[in-house]
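# A closer look at the structure
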Amino acid sequence: AQTVTQSQPEMSVQEAETVTLSCTYDTSESDYYLFWYKQPPSRQMILVIRQEAYKQQNATENRFSVNFQKAAKSFSLKISDSQLGDAAMYFCALANNNDMRFGAGTRLTVKP
Amino acid sequence: DVKVTQSSRYLVKRTGEKVFLECVQDMDHENMFWYRQDPGLGLRLIYFSYDVKMKEKGDIPEGYSVSREKKERFSLILESASTNQTSMYLCASKQSGVGGLETQYFGPGTRLLVL
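Anyway, here's the lowdown on the structure attached to this text. (Residues numbered from 1 in each chain as written. Chains lettered and ligands numbered in written order. Predicted model: local features only at pLDDT ≥ 70, side-chain atom pairs only at ≥ 80, totals over all residues. Heavy atoms only, no water.)

### Observations regarding the environment of A:Ser7
Relative to the helices and strands, A:Ser7 is located in the loop between strand E1 (3–5) and strand E2 (10–14). Linking A:Ser7 and A:Asn58, residues 51 residues apart in sequence, is a C-alpha distance of 21 Å. (Helix = DSSP H or I, 4+ residues; strand = E, 2+ residues; numbered from the N terminus.)

### Here we look at the interface of chain B and chain A
With 27 residues of chain B at the contact, the number on the chain A side is 21 residues. Here chain B and chain A share an interface that buries about 1,900 Å² over both sides, 47% of which is from carbon and sulfur atoms. For chain B, the biggest contributors to the area lost against chain A are B:Leu101, B:Glu102 and B:Phe106; these three give 31% of the whole. In this structure, the salt-bridge partner of B:Asp59 is A:Arg101, at a minimum N-O distance of 2.5 Å. Viewed at the interface, chain A and chain B are joined by five residue pairs in polar contact (both at pLDDT 80 or more). Counting residues per element, the ones that place at least two in the side of chain B that touches chain A are strand E4 (31–38), strand E5 (42–51) and strand E9 (87–94) of chain B. When grouped by side-chain class, the residues that make up the side of chain B that touches chain A number 14 nonpolar, eight polar and five charged. (Contact = heavy atoms within 4.5 Å. Buried area = accessible area lost by both parts, 1.4 Å probe. Salt bridge = Lys/Arg side-chain N within 4 Å of Asp/Glu carboxyl O. Polar contact = N/O pair within 3.5 Å; in protein donor to acceptor, adjacent residues only side chain to side chain. Nonpolar A, V, L, I, M, F, W, Y, C, P; charged D, E, K, R; others polar.)

### What to know about the sheet that holds strand E3 (residues 19–25) of chain B
Residues and elements named next belong to chain B. Reading across from one edge, E1-E3-E8-E7 is the order of the four strands in this open sheet, with antiparallel pairing throughout. Of all strands in the sheet, those bounded by a partner on one side alone are strand E1 (4–6) and strand E7 (64–70). The mean angle between the axes of side-by-side strands here comes to 20°, regardless of whether they run parallel or antiparallel. The pairing of E3 with strand E8 (residues 73–78) spans six bridges and is classified as antiparallel. Across the sheet, Leu21 pairs through a bridge with Leu76, a residue of E8. (Pairing = 2+ DSSP bridges. Axes fitted to C-alpha atoms, helices over the stretch in contact; angles between N-to-C directions.)

### Overview of the side chain of B:Arg36
All names here are of chain B. You can see Arg36 is positioned in strand E4. For Arg36, a relative accessible area of 11% gives the class buried. A distance of 3.0 Å separates the side chain of Arg36 from the side chain of Tyr64, its partner in a polar contact. Ignoring anything within four residues of it in the chain, the contact list for Arg36 reads Gly42, Leu43, Arg44, Ile46, Ile60, Tyr64, Asn84, Gln85, Thr86, Ser87, Met88 and Tyr89. (Buried < 20%, exposed > 50% of the residue type's maximum accessible area, 1.4 Å probe, protein only.)

### Re the packing of aromatic side chains
Two descriptors summarise a pair of aromatic rings, namely the distance from one centre to the other and the angle between the planes of the rings. Applying the stated criterion across every chain yields a total of twelve aromatic pairs over all chains. Put simply, the rings of A:Phe35, A:Tyr37, A:Phe102, B:Phe33, B:Tyr35, B:Phe48 and B:Phe106 pair up and form one aromatic cluster. (Phe/Tyr/Trp six-rings, centres within 6.5 Å; stacked < 30°, edge-to-face > 60°.)

### Regarding the nonpolar core
Residues and elements named next belong to chain A. If you look at the biggest cluster of nonpolar residues, it comprises 25 residues, and the most contacted ones within it are Tyr25, Trp36, Phe75, Leu77 and Tyr90. When residues of this core are assigned to their parent elements, the largest contribution, four residues, is made by strand E10 (residues 88–96). Setting aside residues no more than four positions away along its own chain, Tyr25 makes contact with Thr3, Val4, Tyr32, Leu34, Phe68, Gln69, Lys70, Lys73, Ser74, Phe75 and Leu94. (Core = buried A, V, L, I, M, F, W, Y, C linked by side-chain atoms within 4.5 Å.)

### Notes on the pattern of salt bridges
Going through the model one piece at a time under the given rule, you end up with twelve salt bridges over all chains. Salt-bridge contacts for A:Glu52 lead to A:Lys55; the nearest nitrogen and oxygen are separated by 3.4 Å. The closest approach of N and O atoms between B:Lys71 and B:Asp28, which form a salt bridge, is 3.1 Å. Taken as a pair, B:Lys71 in the loop between E7 and E8 and B:Asp28 in the loop between E3 and E4 lie far apart in primary sequence, 43 residues in all. Salt bridges here are not isolated pairs; linked through shared partners, they connect A:Asp99, A:Arg101 and B:Asp59.

Laid out in structure tokens, this is it:
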């Protein structure tokens, strides 16, 4: 069975600062994908960033980057230069075929 | 851009009512999913469909059924709503094959309250 754990229910960051959200996972598969999704208060889940497990290079999307440690089964999200619009629930997810597992989420607050 | 829409943003029903939640996607995706989102539990899969008229149970199918008569539309049915089905329901769709990179695209969600 695949599982995803987000150990930080809530995090806060000062505007323009950097914050890292943690995620660990467990899977017996060798081929899988990892995701960070963002769910703002309006509720639409938006893909933030995606990482293919076979790629060693960490994915980056503008101010968002990941630290993918395959051996440790860790997949953290770093948000640089945090903005007020980054405030949301963030979900870490693991997918293999049609099986996608989500963590419980981390609520990020951005302080002006 | 992929667009996934859900028929209602908010819904209030009474215990025992039959409830239909509809989801439509416009990207010709083969796979569609229904999740339930509860605080502290993340998203849990209720059912998914990998083709028209095909369905597979997820982790929490009890009390739910689904229908997929057309490729773009996936309906979630609560045969007899109960208060423990009060929740946020999210629909998602995904392209088949490695080209889709396993990415699911989500609708805006339906917040259902069962009284």
